[in-house]
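These are the residues of each chain, in order.
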Amino acid sequence: MNIILLRQEELSDGNFSFAKTDERFLHIKKVLKFGVGAVFKAGIIDGEKGTAEITSFSDELLTARFTVADKAGGGDDVSALPPIRLILGFPRPIQLRRILRDVAGLGIEALYLTGTELGEKSYLKADIAAETEIERLLIDGCSQAGDTHIPKVYRAYSVRHFFDRYGDDIRPDHLRAVLDVPFQIEQGDTLCVPAMHPLPQLQWDGKQTLWLAVGNERGWSLNERLLFAKKQFTAYTMGRRILRTETAVTSAVAVCLANSGAWDMRGAR
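Participant: Residues and numbers for the sheet that holds strand S7 (residues 110–114), please.
Facilitator: Strands sit in the order S8-S7-S6-S13-S9-S14-S12 across an open sheet of seven strands; the sheet is parallel. Edge strands, defined here as strands with exactly one partner in the open sheet, are strand S8 (152–156) and strand S12 (197–198). The pairing of strand S6 (residues 84–89) with S7 spans five bridges and is classified as parallel. Paired with Arg85 across the bridge in S7 is Ala110.

Participant: Help me get a handle on the pairing of strand S3 (residues 39–44), residues and values and all.
Facilitator: Of the strand pairs in this sheet, strand S1 (residues 4–6) and S3 are connected by three bridges, and their pairing is parallel. Pairing of Leu6 across the sheet is with Ile44, part of S3. Pairing analysis gives five bridges linking S3 to strand S4 (residues 49–57), with the strands arranged antiparallel. Among the inter-strand pairings, Ala42 is bridged to a residue of S4, identified as Gly50. Connecting the antiparallel pair S3 and S4 is a turn made up of four residues, with Asp46 showing a positive phi of about 60°.

Participant: Kindly report on the pattern of salt bridges, identifying the contributing residues and their values.
Facilitator: It is possible for side chains bearing opposite charge to pair when their charged atoms get close. Considering all chains together, one arrives at 14 salt bridges under this definition. The salt bridge involving Glu109 is made with Arg85; its shortest N-O contact spans 2.7 Å. Placement of the pair is Glu109 in the loop between helix H2 (93–106) and S7 and Arg85 in strand S6, with a sequence separation of 24 residues. We classify Glu109 as partly exposed; its relative accessible area is 25%.

Participant: Help me get a handle on the sheet that holds S3, residues and values and all.
Facilitator: Overall, mixed pairing links the five strands, which are arranged S1-S3-S4-S5-S2 in an open sheet. Taken across any chain shown, the strands that pair with only one partner, and hence form the sheet edges, are S1 and strand S2 (15–19). Averaged over all pairs of adjacent strands, the angle between strand axes in this sheet comes to 40°, irrespective of strand direction. One ladder, built from seven bridges, connects S4 with strand S5 (residues 61–68); its direction is antiparallel. Each bridged residue has a counterpart across the sheet, and for Glu53 the counterpart in S5 is Arg65.

Participant: Account for the nonpolar core, naming residues and giving values.
Facilitator: Side chains that are nonpolar tend, in soluble globular proteins, to be buried together. Membership of the largest hydrophobic core comes to 39 residues, with the highest contact counts inside it found for Leu86, Leu88, Leu100, Leu212 and Val214. Broken down by secondary-structure element, the contributors of at least two residues to this core are S6, H2, S7, helix H3 (131–145), strand S9 (175–180), strand S13 (210–214) and helix H6 (245–260). If you tally residues by element for this core, the top one is H6, at six residues. Those residues in contact with Leu100 that lie beyond four places of it in its chain are Leu111, Ile128, Ile134, Leu137 and Leu138.

Participant: How would you summarise unusual backbone geometry if you had to cite specific residues and measurements?
Facilitator: You will see that Lys33, though not glycine, has its phi angle at about 55°, which is positive. Position of Lys33 relative to the elements: it lies in the loop between helix H1 (23–32) and S3.

Participant: Explain helix H4 (residues 159–166) to me, using residue names and the numbers behind them.
Facilitator: Every buried residue of H4 is accounted for by Val159, Phe162, Phe163 and Tyr166. Take H4 and look down its axis: the buried residues cluster within an arc of 95°, on one side only. Exposed residues pointing more than 90 degrees away from the buried face of H4 are listed as Arg160 and Asp164. Each element contacted by the buried residues of H4 is listed here: S6, S7, S8, S13 and helix H5 (222–230).

Participant: Give me the side chain of Arg85: which residues, what numbers.
Facilitator: Of the residues examined, Arg85 reaches a relative accessible area of 18% and is grouped as buried. At 2.7 Å, the side chain of Arg85 and the side chain of Glu109 are in polar contact. Setting aside residues up to four positions removed in sequence, Arg85 forms contacts with Glu109, Ala110, Tyr112, Asp169, Thr209, Leu210, Trp211 and Leu212.

What counts, and at which threshold
Residues numbered from 1 in each chain as written. Predicted model: local features only at pLDDT ≥ 70, side-chain atom pairs only at ≥ 80, totals over all residues. Heavy atoms only, no water. Pairing = 2+ DSSP bridges. Helix = DSSP H or I, 4+ residues; strand = E, 2+ residues; numbered from the N terminus. Salt bridge = Lys/Arg side-chain N within 4 Å of Asp/Glu carboxyl O. Buried < 20%, exposed > 50% of the residue type's maximum accessible area, 1.4 Å probe, protein only. Axes fitted to C-alpha atoms, helices over the stretch in contact; angles between N-to-C directions. Core = buried A, V, L, I, M, F, W, Y, C linked by side-chain atoms within 4.5 Å. Contact = heavy atoms within 4.5 Å. Arc of directions from axis to C-beta. Polar contact = N/O pair within 3.5 Å; in protein donor to acceptor, adjacent residues only side chain to side chain.

Such coordinate-based values are descriptive only and should not be taken to indicate function.
Set out below in C-alpha cells:
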C-alpha cells in the first residue's frame, strides 16, 4: 500500500481506528512497522489526500488522526479519473481479480462487467462477483497506485443487455473501440477479413470519453461483433497473437493512456 484509504464514514472529527483484523492495521504494524507518533499517507476514497498520525497503537486497536493535505504547501490536487469506460466480457474469476487491481491502478472511470455468448455463465455468480469483493480489489489497486479514486462498476447480463441498459450514456462525441483479433465472415460466396486498425492508431486526447470493449478469453461471438459494429464501435487489434484477457485489458488501457499524453509528467495535474 502506497496510501492508506479510508471511507468517509470511518472518520469522526478527523479521527479513525482500525481493529487488529483490518488488513490496514496489519499492513501498518507488520510492513510499515510504525508506532505512536508515526505519520503515513492517507486519503478518503473518492476524496482528498492527506496524512494520518498514529495517536495510539495496541495489539487490538490502532487510532489515528487524518489531516487533509495543504495544497498551498504543495499537496496533491484531487483529480478526476481518465474518462475510459471499459466494457469487459466477464472473465474467469482469477483473471478478474488481477484485472480489477490493474485497471484501478492505471486509472479508468468506469468498468462494465458484461456476460457474453461465449463466456461461462457461472462466472457471473462466483464469489468474485460480489460487490464487496469487487470494491476491495479496486481499493487495493488504488492503494498501490497512491490514488483515492476508484472506478465505478456496472453490470449487464449480455452485450445486448449492456446496450439496452447503458446505450443512452454513449453520446455521439464519445470514442468507441472494440478490441478483437482478425476473423473471417461470409460475404456472398466468399470469406473475407473485416477491416481492423492497430490499437496504437486510436486517436484519443484523454479528455473525451472513450468506450473500450475487451472480450473474455473466448472472445466476442459473431453476433456481438455485428452488434458493436451497428453501435458504431471501431474494431482495433493488437496483432495476431491471442492474449490472455488480463494482458489484453492492461495493455490496451496502457496504450490508450500513453497515446493520450496522460503519462507526460510535464502536464501532470
